[in-house]
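Structural description and commentary
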Amino acid sequence: MMISVIKMTMKELAALCHVSVSAVSKAFCDADDISRDTKEHIFKIAKEQGCFGKFYKGKYHKKIIAVICHELNGGYYAIFLEKLQKLIENNDGICVISTDNFVSSKQAELIEYYVSYLKVDGIIVLGLTSQLKKAYDTPIVSIFQSVDSRVDSVVTDMQTAIYDAVSVLYSLGHKNIGFISENLTHIKKKHFESAIKNFGNITSYLAESDKRFEEAGIDGINKLFSKNKNITAVICAYDNIALGAIKRLKEMGLNVPQDVSVIGIDNIQISNFTETSLTSIDTNPDDICNIAYELLSKKLKNKYFKVNQSIIIKSKIVIRESIGKAKEER
């Protein structure tokens, strides 16, 4: 008669297998000092009794890599998740994905959970937002930003890219340039403000929306043009905002780029397929993901490799149809 899985003890399983309790314990811990035949015999009976999962403590035969990102909305993070998952699986690993919803405490909780309880082999964080509470033996790589010197990181040179975007608009004669941001894009706004200081005769206008994605673009255009109707170019904190901005400009009877030039950031796939293809800043996700996985792999292969690295990847502006020469004041 089968003993209840919940009630079954290791001693009872050992009796069914006609081996010692020590042998059962060693089998489920994948110890080296127990024969393969004995181990398989114990596992066979444990599976028949339905208690294999209760006792098995060995490591999974594939590397388990946890990837933590902020969200799945908008499409941008999904680009990185897809590339990282392929890299991990192509190298005979398992990818586990979680989101922290831009909450630092939740991100820290997920890291602790994956390290201490699931005991994953490595972690890639799409944006480590705060210092780790303690050092971990489990290798961790951060993408986008570096806030902890104990963690390997691959960051994008967004400051230079935004400067390049302003420079391109300036070369096209734009002197009144707006920037649309939202509550989660303060760093990009600061980069824009810093870039503008290098061009003495540009007047800048800022609009920060409490909305997100396309709605932030619509809201941002309303706010910008309430300040100055002669704005001839707009840079948006990410592409979804830019798409909303273009929609609102058309509703106002303004053409892109004949009346207003628009630049986005992130270069998501749809940007090249809109009615007026969107000029955008490409953050080079292929390079970022490849390097991040390479950094992680070094420490997966050699646990004594303790050197931490911070690598900067240059972003580049991709010119498309949404920008043109500045139009004279309306």
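Residues numbered from 1 in each chain as written. Predicted model: local features only at pLDDT ≥ 70, side-chain atom pairs only at ≥ 80, totals over all residues. Heavy atoms only, no water.

1. Remarks on the overall build of the protein
Regarding its fold elements, the protein presents 11 helices and 12 strands. Its C-alpha atoms give the protein a radius of gyration of 27 Å, more than 25% over the compact-globule value 20 Å for 330 residues. In the protein, buried positions account for 48% of the 330 residues. Considering only contacts in the protein between residues 6 or more positions apart, those separated by 24 or more positions represent 68%. Surface summary for the protein: the accessible area is close to 16,700 Å², and the carbon and sulfur share equals 51%. Charge separation in the protein, taken as the distance between the mean sites of 43 positive and 39 negative side-chain charges, equals 3 Å. (Helix = DSSP H or I, 4+ residues; strand = E, 2+ residues; numbered from the N terminus. Rg over C-alpha atoms; globule rule 2.2 N^0.38 Å. Buried < 20%, exposed > 50% of the residue type's maximum accessible area, 1.4 Å probe, protein only. Contact = heavy atoms within 4.5 Å. Areas by Shrake-Rupley, 256 points an atom, 1.4 Å probe, with all protein chains shown as cover. Lys, Arg positive; Asp, Glu negative; His and termini not counted. Charge placed at Lys NZ, Arg CZ, Asp CG, Glu CD.)

2. Examining the packing of helix α2 (residues 21-28) against helix α3 (residues 36-49)
Here α2 crosses α3 at 90°, and the two axes come no closer than 9 Å. Between α2 and α3, the angle is such that the two are roughly perpendicular. Contacts from Ala23, Val24, Ala27 and Phe28 of α2 reach α3 at Lys39, Ile42, Phe43 and Ala46. Its residues assigned to classes, the contact of α2 with α3 comprises seven nonpolar, no polar and one charged. (Axes fitted to C-alpha atoms, helices over the stretch in contact; angles between N-to-C directions. Parallel < 35°, antiparallel > 145°, perpendicular 65-115°, else oblique. Nonpolar A, V, L, I, M, F, W, Y, C, P; charged D, E, K, R; others polar.)

3. Thoughts on unusual backbone geometry
In the segment running from Val256 into Pro257, the intervening peptide bond is cis, with an omega of 10°. Counting through the fold element by element, Pro257 comes out in the loop between α10 (239-251) and β9 (261-265). With phi around 55°, Asn101 is a residue other than glycine that occupies positive phi space. In this model, Phe213 sits at a positive phi of 55°, which is unusual for a non-glycine residue. Its location among the elements puts Phe213 in helix α9 (residues 213-227).

4. Focus: the pattern of salt bridges
Oppositely charged side chains may form a pair once their charged atoms are brought near each other. The full count for this structure, using the stated rule, is 18 salt bridges. Of the charged contacts, one joins Asp152 and Lys299 as a salt bridge, the two residues approaching to 2.9 Å between their closest N and O atoms. Taken together, the positions of Asp152 in strand β5 (residues 152-157) and Lys299 in helix α11 (residues 285-301) put the pair 147 residues apart, joining distant regions of the chain. Residue Lys299 is classed as buried on the basis of its relative accessible area, which comes to 15%. Across the salt bridge formed by Lys188 and Asp266, the nearest N and O atoms sit 3.8 Å from each other. Separated by 78 residues along the polypeptide, Lys188 in helix α8 (residues 186-196) and Asp266 in the loop between β9 and β10 (279-282) bring together distant segments of the chain. (Salt bridge = Lys/Arg side-chain N within 4 Å of Asp/Glu carboxyl O.)

5. Here we look at the sheet that holds strand β6 (residues 176-182)
Paired through backbone hydrogen bonds, the strands of a sheet run either parallel or antiparallel to each other. Spatially, the six strands line up as an open sheet ordered β7-β6-β8-β9-β10-β12, and their pairing is mixed. What marks the edges here is a single partner per strand, and that holds for β7 (203-209) and β12 (316-318). Taken over all neighbouring pairs, the strand axes of this sheet differ in orientation by 20° on average, direction set aside. Here three bridges tie β9 to β10, and the two strands are oriented parallel to one another. Residue pairing for β10: Ile265 is matched across the bridge by Ile281. Contacting β6, β8 (233-236), β9, β10 and β12, helix α7 (residues 158-171) runs over the sheet at an angle of about 170° to β9. (Pairing = 2+ DSSP bridges.)

6. Looking at the packing of aromatic side chains
Across all of its chains, the model carries 16 aromatic pairs by this definition. Three or more aromatic residues joined by ring pairs make a cluster, and in this case those are Tyr76, Tyr77, Phe80, Phe102 and Phe144. Sitting over the face of the ring of Phe52, Lys47 holds its NZ or CZ atom 5.0 Å from the ring centroid. (Phe/Tyr/Trp six-rings, centres within 6.5 Å; stacked < 30°, edge-to-face > 60°. Lys NZ or Arg CZ within 6 Å of the ring centre and 35° of its normal.)

7. Side note on the state of the cysteines
Any covalent bond linking the sulfur atoms of two cysteines counts as a disulfide. The full count for this structure, using the stated rule, is zero disulfides. In this model Cys17 remains outside any disulfide bridge; the closest cysteine sulfur is found in Cys51, 8.1 Å from its own. (Disulfide = S-S within 2.5 Å.)

8. Some remarks on the side chain of Ser271
Mapped onto the secondary structure, Ser271 falls in the loop between β9 and β10. With a relative accessible area of 0%, Ser271 lands in the buried category. At 2.7 Å, the side chain of Ser271 forms a polar contact with the side chain of Asp239. (Polar contact = N/O pair within 3.5 Å; in protein donor to acceptor, adjacent residues only side chain to side chain.)

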